[in-house]
Structure formats: C-alpha cells, structure tokens
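Take a look at the letters that make up each chain.
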Amino acid sequence: MRSRFQVRRGLLALSTATAALVAASCTAGSTSDGPQPAPGPDEQVTITVSSQFTDRELDVLNRVLDGFHAQHPNITINSQGNQDDDKITQAIRGGNPPDVAISAETINLGQFCSSGAWQDLGPYLQRDQVDMTQIVDVAQQYTQFEGKRCAMPLLADVYGLYYNADAFARAGITAPPKTMSELTDMAKRLTEFNPDGSIKVAGFLPVLGSQANHPWNWAPHFGAEWMDEQGRSVLGKDPAWQEMYRWQKELVDFYGWDKLVQFTAGLGQQYSADNAFQRGKIAMMIDGEYRTGFIEDDAPELRYGTAPFPVADSEPELYGTGFVTGTIIGIPRGAENAGAAWELVRYLTTDTNALVELANGLKNVPTTKEALHDPRVERNEQYQTFLDLFDNPQLVPSPPSPNGAAYMKSTEDFSVKWQSGQVGDLGAALRELDAQIDAAKALGGN
C-alpha cells in the first residue's frame, strides 16, 4: 500500500524540484559516452538507491533489493529511503547523486529528460536488446519524453470508481454508474442532509482539489486533451473541458458551494484512517488501486465495490478508460556506478518475480504484461478492477512537460476559482488559462 506521502501525485515536488532540474544538467558530473559496462563478477561495487519509501514500504523494497544482491553478490546496495525528488535533485546539483533514483512523481519526467538530470537509458536498452513490448503500452508512454527514455516504469497507479455497497442497497441502486448523468442522478439519491440543511453524506463530492478529485483524474473520462502536437495548451479549444466543468457545476449547485466548503472542512485527511469514504461520509469517489490496501488496514468492515469511473454521456465508448501514473526509476546524471545501476534498474523493471513481490507488498499494479497476469499477484474482487483497467489501451497518462506539473497546478488553481463562482465566461477563461500555461512553459522549458 502506498504511504501517505507517496500517493500525493504530481504537485508536491513541483515547487522546488522542477525549478532546480534545469540547473542540475549544468552542475552534475559528466557522463561518459555510451552505456557503461556491468562490473565483472570479481569486481566489488556498492551502489546507492534513493527512494521516497519509508517504514514498511522501504522494508518491501529492501527485500527485493536483497533478491538482486543474491543474484549479484558483487553488487552491494545502500538503500536510502525518505528521498523525494527535491532531495534527489539537490544531490544531483551538488555532484553527489545516487546511482539509482526512484520517483513517485511521474509528471516530473519531462523535466528529468529535457534537463539531462536523468540519463538516457536508450543506449542500455539497445545494447542489451531489452524487449520493451513486454511492458504495458501506457507505462512505456509515461517513461519517455520527446523520444528520450530517461526512466523505466516500476509500478503503476490506476484510478477508478469506489462505491459504498450498503449505501447503494439502501438507495435501491443495483449497479455502478457508467455515464456522468447516471453518476449525477445516483449522487443526488445517495446524498443525505442534516435537519439544518448541512450535508451529512455526499453521494459524490464534486470539489476539485479535495480527496482524489483533480482535473487530471477526471479529464480522461470526458476525452479532454491537454495539449496539441506542438505541446500548446488546448483547454480553451477542446469542448470536452467545458463539458467537464459544466457537469461539475451542476453538482456543486445541487449541494451549494457554502455547504460544500463546510462539509469538506470536516472531512478526515485523504490518506488517514479517518478517510471520508472509509468512514461513510462519501458514497462514491474516484481513487487509485492503493485505496484497497488502506481499506483492508483501516476499515475492513466496509462493504464496497469498484468499477471503471463513468464517462461523458457524449463519449460512451470511453468507458473503461482512466488516469494512470506510476513510480519510475532511472540513473541520475553523474552516477558513479552507472553500469551496476543499470543492472539493478533492468532487474526491478523486467524481472517478473521482483515485480510480483513489489506489487504485492506495495499494493500497486505491476507494469509488465507477464507480471500483470501472474497468478501470484494478490487480488480480490475490488483490486481486480484495477488490474483489468491497466490492461485497457484507453488509459491516459498526463502528457510530460519540460516544466513538470506547472500546467496541472495552473489548471487546478483555475478549477478552484470556477467551482466557487469566481469565473464568468468559462470559454474565455479557459483560453486565458491556455495563454498562461504556454507563457510559463516558454519561460521554464528547454
């Protein structure tokens, strides 16, 4: 199961890490041309692995690293946990990078690749004839930027619908919604108000920025595109964004913005045992596969189901799509033992036994086709939904950008203004947002 830190995707490491990555390409140690050879069997090497994992999750990773060491007794691993992108970037800038970096911030990949902070793994893949078709297509997509593969996928997060089975039964609902109009109808039927009119239970919480409600999690279900082929923002040109925001506003108006503010203020933290869905305060929500692990630990009595998240009524063929992100792994620029580091990266991302052990320990989806279908992957009915989703070619990652998650943060900031009634002309405001995103990219890109 993901730690409370690890599942907070995309924005947490943005402010410092992405601003520093361009500088990292200038200050890190040089890298020799071509892939570095693996150490010989009699050559003793120690490599450092930096990851964001802590406590139990770090123990899971370390057990898998021990398995690698058993196969490569000449390579000793110094595993350093609690190292987020910010800390790793600082180490690269200081000329003392780890040999292997593990990041939970997939959206920073564009910055890693374009700045050269993480090395291009293409020469290693070509030299060792690694078959990339063994990796699920969408995981291949989110580990490369503009033709450069500076990372490999480790595990994935896939987002879908969670629903309270007891609440469904009380409302006479027999199947989860497949369209947004069905979601809206069910949300209203599942909502309970207190005698004073305040919200007791929200059928679905339509507040962007709260829980796992983010524009990037919702956008695939409307077929909304972020950028055109030239990398320019198209939120003001793609009508799907207006459809998404107008759908949201209908639910916001149903509850009342002031009531939603009061309700969300009283909810437990998303990654705490007091999570609102786990405590029956929200009847339906969008979340990742890791939530099944939280529920198993924190609310084992909860009766719930999972399904693909509903799609726009105008796009029924999209049902089964969803947002996907994941943990990525790479070799920082200036790594002292790049050859040995590559041996470990290849092992962690292509060895079925290693991936199954990691997936079972961390409750995330394995990224190779063989591991995804391996019978040893622990699964229950609710978790199987996400394994099935990951097999769907319609899954959508957020496009990488040379300035990381800046465009996502700008869109979420806009969403907060929209839902609180501070935006008048939606189309004009989205076009202004496009201009803002493109200008920021021009200043912070290559």
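Residues numbered from 1 in each chain as written. Predicted model: local features only at pLDDT ≥ 70, side-chain atom pairs only at ≥ 80, totals over all residues. Heavy atoms only, no water.

Within the element layout of this structure, N164 appears in strand 4 (residues 152–164). A relative accessible area of 9% means that N164 is categorised as buried. Excluding residues that lie within four positions of it along the chain, N164 makes contacts with F277, G280, A283, L302 and R303. (Helix = DSSP H or I, 4+ residues; strand = E, 2+ residues; numbered from the N terminus. Buried < 20%, exposed > 50% of the residue type's maximum accessible area, 1.4 Å probe, protein only. Contact = heavy atoms within 4.5 Å.)

What follows is about the side chain of N213. Within the element layout of this structure, N213 appears in the loop between strand 6 (199–204) and helix 9 (215–218). Taking the relative accessible area as the measure of exposure, N213 reaches 4% and is therefore buried. A distance of 3.5 Å separates a polar side-chain atom of N213 from the backbone oxygen of V207. Among all residues touching N213, those that are not within four sequence positions of it are F204, L205, V207, L208, W218, I286 and E412. (Polar contact = N/O pair within 3.5 Å; in protein donor to acceptor, adjacent residues only side chain to side chain.)

The next thing to look at is the domain arrangement of the protein chain. Each assigned domain of the protein chain is listed here: domain 1 (45–156 + 324–396) and domain 2 (158–323 + 399–445). Placing a centre on the C-alpha atoms of domain 1 and another on those of domain 2 gives a separation of 28 Å. Taken together, the contact pairs 24 residues of domain 1 with 34 residues of domain 2. Buried area between domain 1 and domain 2, both sides added, is near 2200 Å², and the carbon and sulfur share of it is 62%. Scanning the region where domain 1 abuts domain 2 turns up 0 salt bridges. Across the contact surface, domain 1 and domain 2 share 7 residue pairs in polar contact (both at pLDDT 80 or more). (Domains from an automatic or database assignment. Buried area = accessible area lost by both parts, 1.4 Å probe. Salt bridge = Lys/Arg side-chain N within 4 Å of Asp/Glu carboxyl O.)

A general feature of soluble globular proteins is that nonpolar side chains tend to end up buried together. Residues M284, L344 and F390 are the most contacted members of the largest nonpolar core, which totals 137 residues. Here this core gets 9 residues from one element, more than from any other, and that element is strand 4. Residue-level mapping places this core at the junction of two domains, with at least three residues from each of domain 1 (45–156 + 324–396) and domain 2 (158–323 + 399–445). When residues no more than four places from it in sequence are discounted, the contact partners of F390 are V136, V138, A139, A156, V158, V324, V365, P366, T367, L372 and L395. (Core = buried A, V, L, I, M, F, W, Y, C linked by side-chain atoms within 4.5 Å.)

So, on to the packing of helix 2 (residues 55–71) against helix 14 (residues 352–362). Contact pair helix 2 / helix 14: the axes reach a minimum separation of 10 Å and the direction vectors enclose 170 degrees. As the angle between them shows, helix 2 and helix 14 are arranged roughly antiparallel. Along the contact surface, helix 2 presents R56, E57, V60, L61, R63 and V64, while helix 14 presents A354, E357, L358, G361 and L362. (Axes fitted to C-alpha atoms, helices over the stretch in contact; angles between N-to-C directions. Parallel < 35°, antiparallel > 145°, perpendicular 65-115°, else oblique.)

So, about the state of the cysteines. Scanning the model with the defined rule gives 1 disulfide in all. Note that C113 is cross-linked by a disulfide to C150, the S-S spacing being 2.1 Å. Taking the sign of the S-S torsion, about -90 degrees here, the bridge from C113 to C150 comes out left-handed. Note that C113 is positioned in helix 4 (residues 109–115) and C150 in the loop between helix 6 (137–141) and strand 4, a separation of 37 residues in sequence. The pair formed by C113 and C150 is uniform in burial state, with each residue classed as buried. (Disulfide = S-S within 2.5 Å.)

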